[in-house]
Amino acid sequence: MLLISDIKLKIDHDESDLRRKIEKILHHKLNSFEIVKRSLDARKEPLYVYTVLVDIADEDRYLSRNIRKYHKPDLKPEYLKRNETCIIGGYGPSGIFAAYRLMEAGYRVIVFEKGKRIKERQKDVERFFTDGILDENSNVQFGEGGAGTFSDAKLTTRIKDPYIDYILDIFIRHGAAKQIKYVNHAHIGTDEVRKVIADITDYLVSKGVEFHFEEEISDLLLSDDRTIKGVKTAKDTYYCDHLLLGIGHSAYKTVQMLKEKGVFIEKKDIAVGFRVEHDQKLIDERQTSSLIEEANEYFLRYKGEKGVYSFCMCPGGMVIPAMSDNNTIVTNGMSYAARDSGVANSAILIQITKDEFTDGYDYLHALENKAYAYSGSYKALSQNIADFINGDLKELIFPSTYPLGTVLYDFNNFFSASDLQIIKEALKDFDHKIPGFIASGIMVGPETRSSSPVRIKRNADYESINTPRLYPMGEGAGYGGGIMSCALDGIRIANGLIFNYGKVSEN
Ligand SMILES: Cc1cc2nc3c(=O)[nH]c(=O)nc-3n(C[C@H](O)[C@H](O)[C@H](O)COP(=O)(O)OP(=O)(O)OC[C@H]3O[C@@H](n4cnc5c(N)ncnc54)[C@H](O)[C@@H]3O)c2cc1C
């Protein structure tokens, strides 16, 4: 294959213009081509710059500075009838992609997910967003697709790994737009990602993967030397050779069960804060990409005595109630594919180190309960950012997108004195970077579930360090954060099993 880089086109072009341009470069008619990368050159007149892959005979005659040979790795695993059963607990990105890969390699795969399938889950989430009736097993955190299903489904990651393309190809095969492979800051949007995930599940079912929705793993079966033999649910006992657990950061009950079974778990740092909302125009005004259809995001970071940063920014999105426990308030953000709400939101988080708490879940629950106690309902806490800085509490300068309504609250009562000072310094710094960030913004919160407060420690073979054949994965295990890194973690674990297949089964 040939990799052709530095192909420049004006902003208002379509795919046929790109095809014609490649054909002109090669002096050859194309059957097909694949876009590998598209970036924006906004130095003068804005241009898109493409890198594309072309399958063509007699490659050597085309080689030049911008045209080189490329060998696309085939990452599909070898299919063997493998005489082993893998149980997967949790069907978020880590569970989905581990199941996909293990199925492709020929394992018997059984998936347990405590939440419901997307269609039913969506009804529960919508009922919560409108009536405030929370189902603790079917919500923004729990159910088919995991935590990223009601999200912006941003696919950004800093990880460089050939399996990133493998994951994106699977998303595309099941209905996601092709652009996710080549635009900067790709996102799918909650409306689209729900269809993609449901399609993946149907496909896995057609390939023999066994699914148990609304069935929570409630206990482990261990042999005398602590090796995993199987799991228990309220319905039955199931045996397996390997147990892959991708339970997410909100599975407090399951983590408690693992602790009681003696699985080695340690504390880790977390972050807490609130969402900020601004008119999307304020964010667009400072970015060249507002000229075109690319997302207008921001990434803010302040290095004071502790780190403060923006997280999971949702352009044209909404702030949502993301709790999974009654009598708590947790906010997060999501966007539809069109990102057209006109309001930008993002979390602003301050780092909390593990020395600052005894039990991370208790620490977070205390904050979430405190917010609920003040609100007296699932209405979120809110304040103008300027009022927070000045210790004032006036009516919001515009209403929040949070669907259950908000109550005014002085966030000066939420953080410790030292954290307050750092957060305020950070907000002033962000205001220099985005003028109007303070005067034109509101805060809504709290946001407490950005990562897991524990790490279920594993060894170099991705196994729990004291429970053989247990493979903790993804965000809940403390080995991922975000859709792509958790999906990748699931694949890493599946690959560990696939590549060790003969050796493991002889033990
Ligand atoms: C509102 C929101 C918006 C987000 N937006 C983005 C975004 O735009 N981009 C991005 O990269 N990331 C985003 N994230 C983060 C991302 O969703 C997570 O990092 C990712 O989903 C974690 O994947 P996971 O597989 O580790 O676990 P999860 O996705 O959390 O899935 C875990 C699953 O395990 C199930 N489970 C738990 N315990 C058990 C048990 N005992 N038995 C059976 N099942 C169990 C749960 O029901 C859940 O479905 C967002 C998260 C939220 C909540």
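You'll find the structure just up there.
This structure is a prediction, so every number in the text was calculated from the model and none was measured.

1. Looking at the layout of surface pockets
Inference 1: Its boundaries defined by the atoms lining it, the second largest pocket holds a volume of some 1000 Å³.
Inference 2: What lines the second largest pocket is a set of 34 residues, and nearest its centre among them are Val36, Ile164, Asp165, Leu168 and Lys181.
Inference 3: Those elements giving two or more residues to the lining of the second largest pocket turn out to be strand S2 (33–41) and helix H4 (162–173).
Inference 4: Of the residues forming the lining of the second largest pocket, the biggest block, 7 residues, is contributed by H4.
Inference 5: Partitioning the lining of the second largest pocket into residue classes produces 17 nonpolar, 4 polar and 13 charged.
Inference 6: Counting only domains with at least three residues in the lining of the second largest pocket, you end up with domain 1 (2–69) and domain 2 (85–266 + 454–506).

2. A word on the sheet that holds S2
Inference 1: The 4 strands are arranged S2-S3-S1-S4 in an open sheet whose pairing can be described as antiparallel. Unpaired on one side and paired on the other, S2 and strand S4 (67–69) mark the two borders of the sheet. Looking at each pair of strands side by side, their axes are set apart by 25 degrees on average, direction ignored.
Inference 2: Sheet topology note: the S2/strand S3 (residues 47–54) ladder contains 8 bridges and is antiparallel. If you follow Phe33 over to S3, its bridge partner there is Val54.
Inference 3: Each of strand S1 (2–10), S2, S3 and S4 is contacted by helix H1 (residues 15–26), which is oriented at about 125 degrees to S1, the strand it contacts most.

3. Side note on the pattern of salt bridges
Working definition: two side chains of opposite charge can pair if their charged atoms are close together.
Inference 1: Evaluation of the coordinates by the stated rule reveals 34 salt bridges.
Inference 2: The salt bridge involving Asp429 is made with Lys433; its shortest N-O contact spans 2.7 Å. Here Lys433 and Asp429 lie together in helix H10 (residues 417–433), a separation of 4 residues that amounts to about one turn.
Inference 3: Classification of Lys433 by relative accessible area gives partly exposed; the value is 39%.
Inference 4: Taken together, the shared-partner salt bridges in this structure form one network comprising Glu34, Lys72, Asp169 and Lys181.

4. Details of the site of the ligand
Inference 1: In the vicinity of the ligand there are 38 residues, among which Ser94, Glu113, Glu475, Gly482 and Ile483 approach most closely.
Inference 2: Backbone polar atom of Gly143 to an oxygen atom of the ligand: 3.1 Å apart, as the coordinates give it.
Inference 3: At a separation of 2.7 Å, an oxygen atom of the ligand approaches a polar backbone atom of Ile483.
Inference 4: Relative to its unbound accessible area of 1000 Å², the ligand is 96% covered by the protein chains.
Inference 5: Among the secondary structure elements, those contributing two or more residues to the shell around the ligand are helix H2 (93–105), strand S6 (108–113), strand S17 (331–334) and helix H11 (483–499).
Inference 6: Split into classes, the residues belonging to the shell around the ligand amount to 15 nonpolar, 16 polar and 7 charged.
Inference 7: Mapped onto the domain boundaries, the shell around the ligand takes at least three residues apiece from domain 2 (85–266 + 454–506) and domain 3 (269–447).

5. Regarding the pairing of strand S19 (residues 380–384)
Inference 1: Among the 5 residues of S19, 5 are classified as buried, and the element is accordingly described as predominantly covered.
Inference 2: Here S19 runs beside strand S20 (residues 406–408); their pairing, made up of 3 bridges, is parallel. When the bridges of S20 are listed, Leu381 appears paired with Val407.
Inference 3: Bridge count between S19 and strand S21 (residues 442–447): 4 bridges; the pairing is antiparallel. Across the sheet, the residue bridging to Gln383 is Met443, located in S21.

Rules behind the numbers
Residues numbered from 1 in each chain as written. Predicted model: local features only at pLDDT ≥ 70, side-chain atom pairs only at ≥ 80, totals over all residues. Heavy atoms only, no water. 1 Å grid on protein atoms, 1.4 Å probe; cavity = no way out; pocket = protein on both sides within 12 Å on 5 of 7 lines; lining within 4 Å. Points joined across faces, edges and corners; volume = space filled by probe spheres on them. Helix = DSSP H or I, 4+ residues; strand = E, 2+ residues; numbered from the N terminus. Nonpolar A, V, L, I, M, F, W, Y, C, P; charged D, E, K, R; others polar. Domains from an automatic or database assignment. Pairing = 2+ DSSP bridges. Axes fitted to C-alpha atoms, helices over the stretch in contact; angles between N-to-C directions. Contact = heavy atoms within 4.5 Å. Salt bridge = Lys/Arg side-chain N within 4 Å of Asp/Glu carboxyl O. Buried < 20%, exposed > 50% of the residue type's maximum accessible area, 1.4 Å probe, protein only. Near = heavy atom within 4 Å. Polar contact = N/O pair within 3.5 Å; in protein donor to acceptor, adjacent residues only side chain to side chain. Areas by Shrake-Rupley, 256 points an atom, 1.4 Å probe, with all protein chains shown as cover.

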